[in-house]
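Structure assessment
Single-letter residue listing:
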Amino acid sequence: MVSELSDIRSFLEHTAPFDALDRDTLVSAVRRVTVRYYRSGEEILASGGHNEHLYVVRSGSVELRLAGDDLMAHLDAGSCFAFPSLLREGEVRNTTVALEDTLAYLLPGDLFRELRQKSTPFREFFAENESARIRNAVRDLKSRHSSLLGQRSIGELLTHRRPVSCNPDTLVSDAATLMSHHDVSTLAICTTEKLVGIFTDKDLRNRVVATGRSFDTPVSAVMTSAPCTLPESATISEAMAMMAAGGFRHIPVLGPGGELLAILSATDILAHLGDSAIDTGMLVARAATPGALVAAAERIPEGFTRMDAGGFHAEHTMRFTSALGEAVHRRAAELAEAELGPPPVPYALMVFGSLARGEQLVGSDQDNGLVIDDRVDAAGRAYFEALGTRISDTLHQAGFVYCNGGIMARNADQRLTLGEWQSRYDDWIDNPDEDKILRATIFFDMRVVHGRLEVERDLRDYVLGRVASNRLFLSYLARDAQRSRIPLGIFRNLVLEKTADGAKGFDAKAQAILPLIAIARTFALSEGLSAVGTLERLAALAAAGRMAKGDAESLKDAFLLVNELRITHQAAQLRRGKAPDNVIAPSSLSPLERDYLKDAFSVIRGGLESLKRNLAGGIA
């Protein structure tokens, strides 16, 4: 008997969620476990009956049939079943049959309820629905991260020393004296209590000394006007992303009433982090040559692994990596302009796909194009051909490799006037077919990162106005999303594929993230919502009452859970010197993570079904 109890304890202490129980609780629970043996084909529980036990499969396997008919799940060793009936006061809805000779551990229902009350991990594992389980999983993954960068506000870093300021009419000589006297590198330029600009050491060097301007110049003529600001409640990771994207080191921090509270510097953050992640953004912004830009961009993967190790949450890692990618694209365009001279007509560099959505990880190719003013002539088109080629070539060398699908500014069909882009979107929307939709979906996630920023609004408004009223086009989008093969079998087992090296895994991007993006994109476009990011789209759909809040939350949690796993997987590959990919072997995950992953796939499958049911009709 002692040996049997020892065997039970040894098995359960390595089985979720019993592994989360403290030793005394587990030992006490093991004493109340009953061991049962079932022959192959024997019915363990019958639909319509009454149950008073939690079952844990010790060896063998069982299958669950809803109401005794529809096959629901195939459970192997380590799996638990019958807990839903315990949560329903014993009512059994599924028939359970032993598929082979099976040994099971049975815990009394009162013990199950006692453990749920006593242990939070135990209770959350046996949550009443899969949405709650995914939400718990995302929170658990986050809690494992030690850093609080995504939660701590920049207000916690401020010394609350009143910023040194002067009015816009102050002479540069007086401003410099003020900065020297207070030993600050940044001066806030204010009218009464309103911030109108900042004046930094860099402004003094570059805009006064280097240009030979008089020190009697009003500081308003050489300051940085309308600087980017953040509220005191913004997180540290938000400040880092803004600095990296903008290539600057100082951000004015405003109070609830818009009053200036302080100037947050990169030094304040670095002192907190002991890290040099922001420096990558600074190096990108300062790169004077394509070679320097390439060298700066090569630091992005290193920063990515540091963010993973430092505890960034998935949404912050994606945002920060995207901010750096955006900065590299912008600088590549600026350097190309510096080489070729000013553009003959206004234009914009547009990015598509993950960079537009702010969801980029490492190892992404480039997806971009130029939107050129309609007045461009033949000579102007030759200029933009050279510009687009230089941008794409520099990005390729910087790690944003050429797009296999040709979506890059070096290709002529990606250098169009605004009118030509509108005609291109018209053709996709008015004359959809499967091949066009397959190639075009990425273009419906767009954002300008350099040049005429208003182009994004003009083109997006035009596209949204066309799409929302075209049900046939939306039905093609919804149907295209159904191409995704969710790797969840009818037995609720993971359906894996062999990778190039012979290992078994699933493609987390193709089989989870892309369908999630398609669900959010298609529903958002159908409602004419302008949000671009997947999480923004889901939030906008819920806020507009176009998607049930619970459904939006479940899809959001599935999106974050899979991305948390992708980021951890890619960071581990980078540390081993391997190129990052999206193929994750379930064997690299804990049993609990695999179980949560199945919940996420189930939610995604439900989202695709909803998309199919609501929008995929109408195709002749």
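Residues numbered from 1 in each chain as written. Predicted model: local features only at pLDDT ≥ 70, side-chain atom pairs only at ≥ 80, totals over all residues. Heavy atoms only, no water.

For the protein, the count of helices and strands is 24 helices and 22 strands. Only carbon and sulfur atoms are counted for the fraction: they give 49% of the accessible area of the protein, which is about 27,200 Å². (Helix = DSSP H or I, 4+ residues; strand = E, 2+ residues; numbered from the N terminus. Areas by Shrake-Rupley, 256 points an atom, 1.4 Å probe, with all protein chains shown as cover.)

Pairing is antiparallel across the open sheet formed by four strands, whose spatial order is S1-S8-S3-S6. Looking at the sheet topology across the chains shown, the edges are occupied by strand S1 (34-38) and strand S6 (80-81). In terms of strand pairing, strand S3 (residues 53-59) meets S6 through two bridges, oriented antiparallel. Paired with Tyr55 across the bridge in S6 is Phe81. Against the sheet, helix H4 (residues 109-118) engages S3 and strand S8 (102-108), with an angle of about 70 degrees to S8. (Pairing = 2+ DSSP bridges. Contact = heavy atoms within 4.5 Å. Axes fitted to C-alpha atoms, helices over the stretch in contact; angles between N-to-C directions.)

Now for the packing of helix H21 (residues 508-526) against helix H23 (residues 549-575). One can describe the packing of H21 onto H23 by two numbers: an axis separation of 10 Å at closest approach and a directional angle of 150 degrees. Considered as vectors, H21 and H23 are oriented roughly antiparallel to each other. For the crossing formed where H21 meets H23, the hand is left-handed. Facing Ala508, Lys509, Ala512, Ile513, Leu516, Ile517 and Ile519 of H21, the residues of H23 in contact are Leu555, Ala558, Phe559, Val562, Asn563 and Arg566. Its residues placed into classes, the contact of H21 with H23 shows ten nonpolar, one polar and two charged. (Parallel < 35°, antiparallel > 145°, perpendicular 65-115°, else oblique. Left-handed = near helix turned anticlockwise from the far one by under 90°. Nonpolar A, V, L, I, M, F, W, Y, C, P; charged D, E, K, R; others polar.)

By the secondary structure assignment, Pro121 is in helix H5 (residues 120-125). Sequence separation of Pro121 and Ala16 is 105 residues, and the distance between their C-alpha atoms is 9.3 Å. Pro121 has contacts with Pro17 and Ala20, leaving out every residue within four places of it along the chain.

What follows is about the confidence of the model for the protein. For the protein, the mean per-residue pLDDT works out to 86, and 90% of the residues sit at or above 70. Within the protein, helix H16 (residues 378-397) carries the highest mean pLDDT (97), whereas strand S20 (residues 497-498) carries the lowest (64). (pLDDT = per-residue confidence, 0-100.)

In total, this model carries 20 aromatic pairs according to the counting rule given. Relative to Tyr425, the ring of Trp421 lies with its centre 6.4 Å away and its plane at 40 degrees, an arrangement referred to as tilted. Of this pair, Trp421 and Tyr425 both sit in helix H17 (residues 418-430), separated by four residues, roughly a single helical turn. Accessibility expressed as a relative area gives 0% for Tyr425, which makes it buried. Put simply, the rings of Phe352, Trp421, Tyr425, Trp428, Phe443, Phe444 and Phe473 touch in pairs and so form one group of aromatic residues. Note that Arg410 overlies the ring of Tyr402, its terminal NZ or CZ placed 4.8 Å from the centroid. A cation over a ring is seen here: Arg424 above Phe443, with NZ or CZ 4.9 Å from the ring centre. (Phe/Tyr/Trp six-rings, centres within 6.5 Å; stacked < 30°, edge-to-face > 60°. Buried < 20%, exposed > 50% of the residue type's maximum accessible area, 1.4 Å probe, protein only. Lys NZ or Arg CZ within 6 Å of the ring centre and 35° of its normal.)

Backbone hydrogen bonds hold the strands of a sheet together, and the pairing may be parallel or antiparallel. The mixed open sheet is built from four strands, whose spatial order is S18-S17-S16-S19. The two strands at the open ends of the sheet, each matched to only one other strand, are strand S18 (415-417) and strand S19 (446-451). Direction aside, the axes of adjacent strands within the sheet are offset by 30 degrees on average. Two strands pair when backbone bridges link them, and strand S17 (residues 368-372) and S18 are joined in this way by three bridges, in the parallel orientation. By the bridge assignment, Leu370 is partnered in S18 with Arg415. Most of the contacts of helix H14 (residues 314-340) go to S19, to which it runs at about 40 degrees, and overall it touches strand S16 (347-352), S17 and S19. Sheet strands touched by H16: S16, S17 and S18. Its angle to S17, the strand with the most contacts, is close to 155 degrees.

This part covers the pairing of strand S15 (residues 260-265). Each regular strand displays side chains that alternate between the two surfaces of the sheet. S15 sits mainly inside the fold: five of its six residues count as buried. Two elements, strand S14 (residues 250-254) and S15, share five bridges in a ladder whose sense is antiparallel. Among the inter-strand pairings, Ile251 is bridged to a residue of S15, identified as Leu264. Here S14 folds back onto S15, and the loop between the two strands holds five residues, one of which, Gly258, carries a positive phi near 85 degrees.

The subject of this paragraph is the state of the cysteines. The full count for this structure, using the stated rule, is zero disulfides. Here Cys190 stays free of any disulfide, with the sulfur of Cys166 as its closest cysteine sulfur at 8.1 Å. Given a relative accessible area of 9%, Cys190 falls into the buried group. (Disulfide = S-S within 2.5 Å.)

Here we come to helix H8 (residues 201-209). Among all positions in H8, only Asp203, Leu204 and Val208 are buried. Looking straight down H8, one finds that the buried residues subtend no more than 100 degrees of arc, so they occupy a single side. Of the surrounding elements, those touching the buried residues of H8 are helix H7 (172-182), strand S11 (194-200) and strand S12 (224-225). (Arc of directions from axis to C-beta.)

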